[in-house]
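Here is how the chains run, residue by residue.
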Amino acid sequence: MTHIILYAIVPIIVVMLAGYISGKKGIFSGEDAKKFNKVVLDYALPAALFVSIAQASREMLAKDIKLSLVSLIGIMACFMIVYFVFRMFKKNTGADAAVSALISGSPTIGFLGFAVLEPIFGTTPSVALVVAIVGIVVNAVGIPVGLSLMNASLEKQPGATKKQSAWIPVIHALEQPVAWAPILAVVWVLVGIPWPEWASPSFNLIKGANASMAVFSAGITLSAIKIQLNWQAILGSIMKMVMMPAVVLILGLLWHMDPLNLKMLVVAAALPPAFSGIIIADEYDTYVATGTSSLTLSVILFIGFCPLWIWITDLCLKSMAI
């Protein structure tokens, strides 16, 4: 636990705090953070995912079928639960509930996945596969579903114009390097093309900027938004930090997942809410303050919940083995 705190959590806090202070001092702005995010999502993260997965084997991919199914079912089940829970409240519209699901029902795997998992589990193809699979679920499934639910609600409002088709976000998500790069890497492995070692350094240089730039940018983003803590923000944080990793853990145990993959997936599910949800909320001017507050609270809670969920997972795996 000491290793996890010192090597995975403390560095994130330090770098995020540096970004937050830089934002508050005016050294960087929210617009700068968006540019940093673009570098991460369009270059650094795709490079990290591609080169890591391309070094895997067919046997490893076959073993990770359960990982894919548990990720898809577990994350999307929690996504829809968050949506329906927040839809029940009188003051919330369907669009508010959709943004809640995009935030509290989605882990920020693209920004913090490698930053958290690699210090704990090492720099291995297995880590990259977890980040890639969860990232595809969040970006290629969760975001289109959330936008579809949001558009359906907005269309019912008086004077509203027809919004874009639900298929447009799906196509747009798959066009992004963060989506097609891991898919291309999986195809590369399935075809059986050996990965040349001499090609790795060309990817590793930009790959190294992924975690640090993502966390620094997150700090800038937090400094540029107004925090208003309320009971809905607290509920969203609890559902994200408690419900999602619990659901994933239960599904993984029932399906007898590989223990290491299960531990990594539980930690991935316990990550703070996806920053993409805040970006969408800001774009639609929907649920911005509460969503941002929930994200901020979850980042703080993650400091304690990360080692807690690793301990709980180890405990469950030992009890299942007895």
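What you see is a predicted model; the values in this text were computed from it and never measured. (Residues numbered from 1 in each chain as written. Predicted model: local features only at pLDDT ≥ 70, side-chain atom pairs only at ≥ 80, totals over all residues. Heavy atoms only, no water.)

**With respect to the environment of Ala 185**
Definition in use: Only DSSP runs of H or I covering at least 4 residues are called helices, and only runs of E covering at least 2 are called strands; the numbering of each starts at the N terminus. Throughout this description, buried means an accessible area under 20% of the type-specific maximum (1.4 Å probe, protein chains only), exposed means over 50%, and partly exposed covers the range between. Should any heavy atoms of two residues lie within 4.5 Å, those residues are counted as being in contact.
Along the chain, Ala 185 falls in helix H9 (residues 177–191). Taking relative accessible area as the criterion, Ala 185 reaches 0% and is therefore assigned buried. In this structure, the C-alpha to C-alpha distance between Ala 185 and Ser 52, residues 133 residues apart in sequence, is 8.5 Å. Excluding its chain neighbours within four sequence positions, the residues that come into contact with Ala 185 are Phe 50, Ile 53 and Ala 54.

**Digging into a nonpolar patch on the surface**
Definition in use: Each patch groups residues whose relative accessible area exceeds 30% and which form no salt bridge, using 9 Å between like charges and 5 Å between nonpolar side chains of Val, Leu, Ile, Met, Phe, Trp and Tyr. Computed with the Shrake-Rupley method and a 1.4 Å probe, the accessible areas treat only the protein chains shown as cover for residues. We define a salt bridge as a contact between a side-chain nitrogen of Lys or Arg and a carboxyl oxygen of Asp or Glu at a distance within 4 Å.
On the surface, Ile 65, Leu 69, Leu 72, Ile 73, Ile 250, Leu 254 and Trp 255 cluster together to form a nonpolar patch covering roughly 630 Å² of accessible area. Among the elements of the structure, helix H4 (65–87) and helix H12 (231–254) are those that each provide at least two residues to the nonpolar patch. Sorting elements by how many residues they give to the nonpolar patch places H4 first, with four residues. One can find Ile 65 in helix H4.

**Concerning unusual backbone geometry**
Even without being a glycine, His 256 presents a positive backbone phi close to 55°. Position of His 256 among the secondary structure elements: in the loop between H12 and helix H13 (259–269). You can call His 256 exposed: its relative accessible area is 58%.

**Thoughts on the environment of Ala 48**
Considering the arrangement of structural elements, one finds Ala 48 in helix H2 (residues 30–54). Residues Ala 48 and Ile 206 lie 158 residues apart in sequence; the distance between their C-alpha atoms is 8.0 Å. Here Ala 48 is in contact with Phe 114 and Lys 207, once residues within four sequence places are set aside.

**Remarks on the side chain of Ser 200**
Its place among the elements puts Ser 200 in helix H10 (residues 200–207). With relative accessibility at 5%, the residue Ser 200 sits in the buried group. The residues touching Ser 200, leaving out its near neighbours within four places in the chain, are Val 51, Gln 55 and Trp 195.

**Comments concerning the confidence of the model for the protein**
Under the convention used in this document: Every residue carries a pLDDT, the predictor's confidence in it, which falls somewhere between 0 and 100.
With 92% of its residues at a pLDDT of at least 70, the protein reaches an overall mean of 83. For the protein, the element scoring lowest by mean pLDDT is helix H8 (residues 167–175), at 65; H13 scores highest, at 95.

**Description of the packing of aromatic side chains**
Applied cut-off: Stacked, tilted and edge-to-face are the three classes assigned to paired rings of Phe, Tyr and Trp, where Trp is represented by its six-membered ring and a pair needs centres within 6.5 Å; plane angles under 30 degrees give stacked, over 60 edge-to-face, the rest tilted.
Throughout the structure, instances matching the rule amount to 11 aromatic pairs. On the numbers, 5.7 Å between centres and 85° between planes, the contact of Phe 28 with Phe 216 is edge-to-face. Placement of the pair is Phe 28 in the loop between helix H1 (2–24) and H2 and Phe 216 in helix H11 (residues 209–223), with a sequence separation of 188 residues. According to the relative accessible area criterion, Phe 28 is partly exposed, its value standing at 27%. Relative to Phe 203, the ring of Phe 50 has its centre 5.6 Å away and its plane inclined at 25°; by these criteria the two rings are stacked. Here Phe 50, found in helix H2, pairs with Phe 203, found in helix H10; they are 153 residues apart in sequence, far enough to count as distant. Residue classification places Phe 203 among the partly exposed residues on the basis of a relative accessible area of 25%.

**Some points on the nonpolar core**
Filter applied, for reference: We call a set of buried residues a nonpolar core when its members are Ala, Val, Leu, Ile, Met, Phe, Trp, Tyr or Cys and they connect through side-chain atoms within 4.5 Å of each other.
Membership of the largest hydrophobic core comes to 90 residues, with the highest contact counts inside it found for Phe 114, Val 116, Ile 120, Val 131, Val 134 and Cys 306. With 13 residues, the top contributor of residues to this core is helix H7 (residues 125–155). Residues within four places of Val 134 in sequence aside, it is in contact with Ser 71, Ile 75, Pro 107, Ile 109, Leu 265 and Ala 268.

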